[in-house]
Amino acid sequence: MKSVRISQIGDFEDQEVQLNGWLYNKRSSGKLHFLQLRDGSGIIQCVVFKGDVAPEIFELCGHVGQECSLAVAGSVRKDERSPLGYELGVKTVEVVGESSEYPITPKEHGVSFLLDHRHLWLRSSRPHAILKIRSEICKACRDFMEERDFTLIDAPIFTPAACEGTSTLFETDYFDQKAFLTQSGQLYMEAAAMAFGNVYCFGPTFRAEKSKTRRHLTEFWMIEPEMAFCDLKKDMEVAEEFVYYILKRVLEKRREELKVLERDIEALEKVTLPFPRLSYDEAINRLQDLGSDIKWGTDLGGDDETILSKQYDSPILVHRYPLDVKAFYMKEDPEDSRLALCVDMLAPEGYGEIIGGGQREDDFAILTRKINEHELPFEAFKWYTDLRKYGSVPHAGFGMGIERVVAWLCGLKHVRETIPFPRMLQRLYP
RNA sequence: UCCGGCGUAGCUCAGCUGGCAGAGCGGGUGACUGUUAAUCACUUGGUCGUUGGUUCAAGUCCAACCGCCGGAGCCA
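Because the structure is a prediction, the values reported are computed rather than measured. (Residues numbered from 1 in each chain as written. Chains lettered and ligands numbered in written order. Predicted model: local features only at pLDDT ≥ 70, side-chain atom pairs only at ≥ 80, totals over all residues. Heavy atoms only, no water.)

**Student:** Could you clarify how one ought to interpret the overall build of chain A in this entry?
**Tutor:** Within chain A one finds 13 helices and 19 strands. The principal-axis extents of the C-alpha atoms in chain A amount to approximately 85 × 55 × 40 Å. Looking at chain A as a whole, 51% of its 430 residues are labelled buried. Sequence separation of 24 or more characterises 65% of the internal contacts of chain A that already satisfy a separation of 6 or more. For chain A, the accessible area works out to roughly 20,900 Å², and carbon and sulfur atoms hold 49% of it. Distance between charge centroids for chain A: 4 Å, based on 55 positive and 70 negative side chains. (Helix = DSSP H or I, 4+ residues; strand = E, 2+ residues; numbered from the N terminus. Buried < 20%, exposed > 50% of the residue type's maximum accessible area, 1.4 Å probe, protein only. Contact = heavy atoms within 4.5 Å. Areas by Shrake-Rupley, 256 points an atom, 1.4 Å probe, with all protein chains shown as cover. Lys, Arg positive; Asp, Glu negative; His and termini not counted. Charge placed at Lys NZ, Arg CZ, Asp CG, Glu CD.)

Put into structure tokens, the structure is as follows:
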């Protein structure tokens with residue numbers, strides 16, 4: 001008999017098939033058992049009628065536990081009462097693997113309990129929907145880069161030094177020296193951009209920051225494009241087109257999952273190109289008008305980002321922050337030496353920063369001075385300054401945090417649900 | 001690191017001015033031919049986070065510690 005996936009069940013109406021899956025839930029009513037079977041592609045109700053199956057099969061179905069794995073055979077039939085449109089009229093059931101007292105019941109659970117059981121929680125409909133959307137977003141990212149002729153260049157995970165200061169790095173032994181887990185692939189992408197033109201990396205990054213907020217993980221995934229012969233203006237255009245492309249893909253392909261998550265889809269459909277652009281100066285004035293006590297020269301706080309982004313339906317691009325609050329590699333604005341040619345993209349609905357990027361300092365003398373001013377070890381960055389000695393060109397790029405984009409598109413309060421196995425200040429298990 | 005809050009059954013929680021440890025869900029048994037987090041009956045289940053203190057008596061009051069949650073800073 002043919003084994004089929006639940007998502008394909010409509011192609012087999014009135015045919016006998018075998019389904020392989022796990023028992024999601026069960027209800028009984030005298031001479032009937034209703035088995036909700038889950039196989040990762042969908043959930044279907046399998047109806048076991050006492051008159052249709054052997055007595056020992058009916059008895060067995062009364063005692064199978066939640067998440068018991070089953071091979072169920074029967075006939076596919078259309079049924080208006082089913083959310084799927086079809087159910088299975090069961091002929092035989094075989095237990096593949098027993099399960100009893102499964103910890104995650106259909107009732108409510110707390111965050112800590114669910115995260116302690118993340119390896120099992122993945123089976124539930126909500127994590128399932130989120131991770132399907134994450135998968136779609138990752139694919140959209142790669143498709144966009146592929147279509148725009150970006151070359152995938154994988155950045156190293158072990159690095160000899162920080163790119164933005166050492167306080168937030170995970171340190172590890174590397175034979176007879178120290179190594180750090182990467183907090184960005186950007187510097188390596190700059191080298192690669194000089195070789196390939198347009199490049200990107202996509203992988204995990206690590207921050208040892210002891211931050212406990214809904215927007216932070218110690219291990220998170222970032223996609224970092226870098227473009228040679230590119231200025232801030234073009235950088236912002238690529239960034240907005242990229243985010244819009246991802247959004248459209250999710251709306252097109254993952255509507256069912258958004259519904260499971262009860263996402264306000266209309267809010268996502270309001271996003272249009274081009275995204276509003278605000279200079280840092282304008283943002284500060286705007287925030288002060290809205291009642292914030294923020295002063296020129298400081299970075300935007302979480303509350304400020306929320307207040308600002310709630311003024312718009314689309315993500316916004318805030319550009320040209322004060323040089324002093326930004327990393328050493330940011331290029332100075334030739335029109336105002338207090339400013340950096342950088343940009344942050346803030347997602348709407350208060351989701352905050354999803355992209356940070358900008359034009360890089362391409363002058364050898366200025367970059368060397370900046371490294372010293374930031375008290376960074378020059379030896380560790382010697383290779384990086386070489387890029388300014390041998391055919392330096394204007395170049396720019398950005399980094400997008402995948403988890404924050406997933407949180408925004410899914411409408412989630414906390415990024416811990418956007419990654420299969422979150423790593424946080426208080427969590428390294430499972 | 002700082003500021004708040006919470007630790008009671010497998011889970012979610014109630015437990016008042018200190019006086020016999022509780023509910024719902026889950027697990028088990030049974031009833032029911034159409035259930036949708038099924039329903040109904042019975043039943044099972046406890047080192048009240050840890051240590052110390054006050055008291056005739058502490059889940060309850062006090063102290064310290066541990067764990068977790070929320071927020072801030074920093075960032076994607």
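**Student:** What am I meant to see in helix 10 (residues 302-309) here?
**Tutor:** Working note: α-helix, 3.6 residues per turn, so residues spaced by three or four point in the same direction. Among the residues of helix 10, Asp304, Glu305, Leu308 and Ser309 are the ones counted as buried. Along the long axis of helix 10, the arc covered by the buried residues comes to 120°, so they all point the same way. Against strand 13 (277-279), helix 9 (280-289), strand 14 (316-319), strand 17 (342-347) and strand 18 (352-359) lie the buried residues of helix 10. (Arc of directions from axis to C-beta.)

**Student:** Would you take a moment to explain the protein's contact with RNA strand B for this structure?
**Tutor:** If you check the shell around RNA strand B, you find 52 residues, and the closest are Arg27, Ser28, Phe49, Arg214 and Arg404. Contacts to RNA strand B include proline 106, whose backbone N or O atom sits 3.0 Å from a base nitrogen. Between RNA strand B and the protein, one listed contact pairs a base oxygen with a backbone N or O atom of lysine 210 at 3.1 Å. Split into classes, the residues belonging to the surface near RNA strand B amount to 10 nonpolar, 20 polar and 22 charged. (Near = heavy atom within 4 Å. Polar contact = N/O pair within 3.5 Å; in protein donor to acceptor, adjacent residues only side chain to side chain. Nonpolar A, V, L, I, M, F, W, Y, C, P; charged D, E, K, R; others polar.)

**Student:** Before we go on, may I ask you to explain the sheet that holds strand 17 in this structure?
**Tutor:** Paired through backbone hydrogen bonds, the strands of a sheet run either parallel or antiparallel to each other. Pairing is mixed in the open sheet, where eight strands are placed in the order 7-11-12-19-18-17-14-13. The strands lining the two open edges of the sheet, one partner per strand, are strand 7 (151-152) and strand 13. Strand direction decides the pairing type here: strand 14 and strand 17, joined by four bridges, are antiparallel. Note on strand 17: the bridge partner recorded for valine 318 is aspartate 344. Strand contacts of helix 6 (residues 232-253): strand 12 (219-228), strand 13, strand 14, strand 17, strand 18 and strand 19 (395-401), with the helix running at about 30° to strand 19, the strand carrying the most contacts. (Pairing = 2+ DSSP bridges. Axes fitted to C-alpha atoms, helices over the stretch in contact; angles between N-to-C directions.)

**Student:** What is the right way to read the nonpolar core from this model?
**Tutor:** Grouped burial of nonpolar side chains is what soluble globular proteins tend to show. Core analysis: the largest hydrophobic core is formed by 63 residues, its most contacted members being Ile137, Cys141, Ile223, Phe242, Met400, Trp408 and Leu409. Sorting elements by how many residues they give to this core places helix 6 first, with 11 residues. (Core = buried A, V, L, I, M, F, W, Y, C linked by side-chain atoms within 4.5 Å.)

**Student:** What is the right way to read the sheet that holds strand 9 (residues 171-174) from this model?
**Tutor:** Strand order in this open sheet of three strands is 8-10-9, and the pairing throughout is antiparallel. A strand with exactly one partner marks an edge of an open sheet, and here the two such strands are strand 8 (158-159) and strand 9. In this sheet, strand 10 (residues 177-181) lies alongside strand 8 in antiparallel orientation, the contact comprising two bridges. Paired with threonine 159 across the two strands is phenylalanine 180, which belongs to strand 10.

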